[in-house]
Amino acid sequence: MKTLSPDAVAQYRRDGFYFPLRVLSPEEAAEYRARLEAIERERGGPLGGELRHKGHLLFTWLDRLIRHPRILDAVEDLLGPNLLCWSSSFFIKEARDHAFVSWHQDSTYWGLSEPDVVTAWVALSESSIESGAMRMIPGTHTEQVAHRDTFAPENLLSRGQEIMVEVDEARAVDVLLHPGEMSLHHVRMFHGSPPNRSADRRIGYAIRYIPTHVRQVAGPPRQRHAGARGGRVPALRPRGGAGGRPRRLGAGAARRDHEAAGRPALPRHHRRALPLGPDSQRMATGATVEPVKPCAFSGCMTNANS
Ligand SMILES: O=C(O)CCC(=O)C(=O)O
């Protein structure tokens, strides 16, 4: 074990989640928050959907966060040493905001071959009962249940997805975190969160890790995975090599795979290697970047203008 005690691993396996784990100092967490808020100021408001998701593909500082050894050590204790970052998202509730997250299981929508996915949710501000901390129902990660789309406007989930069975809220555990602490949760965990009644924003960065044997079996043909740690990456063509720096995805290989699968023509930017460096460096130094338009292929964060 690298970080988690045998008891902590046993607790995760039994309950489906574990917290708190300190991964950043309060000062480091404040630095991450300051970087996020500098971008928001530059863009004139809170991040829209296209920048809230997979920010690690755009910003070098988030790319560093998804590879942070303290986060990876804990995730490795649960998933083993060969890890990909499948996705990441900011979950931000403004001060005294009605936004909430309905009870849901992440596994319902992600199209992955196995429920071997751990989310590391890193708090960049206080996550308390008042600010709308996540809530989890222990032991609910063992079965998949049906969901429906509600499209509730204040739901932070894209289609307002919610669990269709009765959720026993009396059993819910509040995942209370100070800035720089993280929680870990299983992809089938029943979880959600109420509105933020506090005077500060509630900011969390959710990083989704998978072991390299997990496959994308539904959804877009080519997801942008970042290699987080370890060497064997048999099928997903992650953007990062073995524990190393991000690299370009070969355009020819991507196109050949896509065409061989008999899929419709890819948008033009999917046929090229993805430029990570210039954009993220420009953002890191605070200069203006072109507006990013989300690609219609779900999960893709490429600038459709490129
Ligand atoms: O941040 C929240 O309140 C919810 C986050 C969530 O649903 C997730 O990380 O899967």
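Residues take numbers from 1 onward in each chain, read along the sequence in its written order. Two thresholds apply to this predicted model, a pLDDT of at least 70 for residue-level local features and 80 or more for giving and counting side-chain atom pairs, whereas whole-chain, interface and lining totals are computed over all residues.

1. Regarding the overall build of the protein
Phase 1 of the analysis: From N to C terminus, the protein includes seven helices and twelve strands.
Phase 2 of the analysis: Field definition: a residue is buried when 20 or more other C-beta atoms are found within 10 Å of its C-beta, exposed when 12 or fewer are, and partly exposed for counts in between, with C-beta atoms placed from the backbone. Looking at the 306 residues of the protein, the share that counts as buried comes to 41%.
Phase 3 of the analysis: Two residues qualify as a contact pair if the distance between their C-beta atoms, derived from the backbone, is within 7 Å. Of all intrachain contacts in the protein linking residues separated by at least 6 positions in sequence, the fraction that spans at least 24 positions is 80%. Helix numbers and strand numbers start at the N terminus; a helix is a DSSP run of H or I with at least 4 residues, a strand a run of E with at least 2.

2. So, the site of the ligand
Phase 1 of the analysis: Close to the ligand lie Phe91, Val101, Asp106, Thr119, Trp121, Met134, His191, Ser193, Gly204 and Ala206, which account for all nearby residues.
Phase 2 of the analysis: Elements with a minimum of two residues in the shell around the ligand: β4 (118–123), β10 (191–193) and β11 (202–211).
Phase 3 of the analysis: Residue composition of the shell around the ligand, grouped by class: five nonpolar, four polar and one charged. Residues are counted as near a molecule or strand when the C-beta atom, derived from backbone positions, lies within 6 Å of that molecule or strand. In this count, Pro and Cys sit with the nonpolar residues alongside Ala, Val, Leu, Ile, Met, Phe, Trp and Tyr, while Asp, Glu, Lys and Arg are called charged and the others, Gly among them, polar.

3. What to know about the sheet that holds strand β3 (residues 101–104)
Phase 1 of the analysis: Pairing is antiparallel across the open sheet formed by four strands, whose spatial order is β3-β10-β5-β8. A single partner strand is all that each edge strand has here, and the edge strands are β3 and β8 (173–174).
Phase 2 of the analysis: In this sheet, β10 lies alongside strand β5 (residues 135–136) in antiparallel orientation, the contact comprising two bridges. Opposite Met136, over in β10, you have His191 as the bridge partner. When DSSP finds two or more bridges between two strands, those strands count as paired.

4. A short note on the sheet that holds strand β12 (residues 226–229)
Phase 1 of the analysis: The antiparallel open sheet is built from six strands, whose spatial order is β1-β9-β4-β11-β2-β12. The two strands at the open ends of the sheet, each matched to only one other strand, are β1 (17–22) and β12. Put simply, the sheet's adjacent strands are angled 30° from each other on average, direction ignored.
Phase 2 of the analysis: Pairing of strand β2 (residues 83–93) with β12, which is carried by three bridges, proceeds in the antiparallel orientation. If you follow Leu84 over to β12, its bridge partner there is Gly227.
Phase 3 of the analysis: Sitting on the sheet, helix α1 (residues 6–15) touches β1 and β9 (181–186), and the angle it makes with β1 is about 140°. Axis definition: a line fitted to C-alpha atoms, over the contacting stretch in the case of helices. Angles run 0 to 180 degrees between N-to-C directions.

5. Concerning unusual backbone geometry
Most of the time, phi is negative for any residue but glycine, and the peptide bond is trans.
Phase 1 of the analysis: The linkage connecting Phe19 with the following residue, Pro20, adopts the cis geometry, with an omega of -10°.
Phase 2 of the analysis: Position of Pro20 among the secondary structure elements: in strand β1.
Phase 3 of the analysis: Phi at Lys54 is positive, roughly 55°, even though this residue is not glycine.
Phase 4 of the analysis: Looking at the secondary structure, you find Lys54 in the loop between α3 (49–52) and α4 (60–66).
Phase 5 of the analysis: The class of Lys54 is buried, set by 23 C-beta atoms lying within 10 Å.
Phase 6 of the analysis: Of note in this structure, Arg96 is not a glycine but carries a positive phi near 45°.
Phase 7 of the analysis: Along the chain, Arg96 turns up in the loop between β2 and β3.
Phase 8 of the analysis: Residue Arg96 is classed as partly exposed on the basis of its C-beta count, with 13 C-beta atoms lying within 10 Å.

6. Structural notes on helix α2 (residues 26–43)
Phase 1 of the analysis: Helices are assigned an expected span. That span is 1.5 Å times one less than the residue count. Here α2 contains 18 residues, and its C-alpha end-to-end distance of 26 Å stays within 8% of the 26 Å for a straight helix at 1.5 Å per residue.
Phase 2 of the analysis: Turning to α2, its buried residues number three or more, namely Ala29, Tyr32 and Leu36. Considered in projection along α2, the buried side chains sweep an arc of 65° and stay on one side of the axis. Set apart from the buried face of α2 by more than 90 degrees, the exposed residues are Pro26, Glu27, Ala34, Ala38, Arg41 and Glu42.
Phase 3 of the analysis: Downstream of α2 by one or two residues, Gly44 has phi in the positive range, about 85°. What the arc describes is the spread of directions from the helix axis to the C-beta atoms.

7. So, the pairing of β2
Phase 1 of the analysis: Extensive coverage of β2 is indicated by the burial of eight of its eleven residues.
Phase 2 of the analysis: Bridging between β2 and β11 involves ten bridges; their strand directions are antiparallel. Looking at the pairing, Ser88 lines up with Ile207 of β11.

8. Focus on the nonpolar core
Phase 1 of the analysis: Nonpolar cores are identified as sets of buried Ala, Val, Leu, Ile, Met, Phe, Trp, Tyr and Cys residues joined via C-beta atoms within 7 Å. Within the largest apolar cluster, 59 residues are counted, with the highest numbers of intra-cluster contacts made by Val75, Ala120, Val122, Met182, Leu184 and Tyr209.
Phase 2 of the analysis: Sort the elements by how many residues they give to this core and helix α5 (residues 69–79) lands first, with six residues.
Phase 3 of the analysis: With sequence-adjacent residues up to four places away left out, Leu184 is seen in contact with Tyr12, Phe17, Tyr18, Phe19, Ala74, Leu78, Val118, Thr119 and Ala120.

9. Points about α5
Phase 1 of the analysis: In terms of burial, α5 is a largely internal element, eight of the eleven residues being buried.
Phase 2 of the analysis: Along α5, the residues classified as buried are Ile71, Leu72, Ala74, Val75, Glu76, Asp77, Leu78 and Leu79.

10. Things to note about the environment of Leu72
Phase 1 of the analysis: Inspection of the secondary structure puts Leu72 in helix α5.
Phase 2 of the analysis: On a C-alpha basis, the gap between Leu72 and Tyr209 in space is 9.0 Å, while along the polypeptide they are 137 residues apart.

11. Some thoughts on the environment of Lys93
Phase 1 of the analysis: Mapped onto the elements, Lys93 comes out in strand β2.
Phase 2 of the analysis: Residues Lys93 and Pro195, 102 residues apart in the sequence, show an inter-C-alpha distance of 7.4 Å.
Phase 3 of the analysis: Discounting chain neighbours no more than four positions away, the residues touching Lys93 are Ala99, Gly132, Pro195, Asn196, Arg201 and Arg202.

These values are about where atoms sit, not about what they do.
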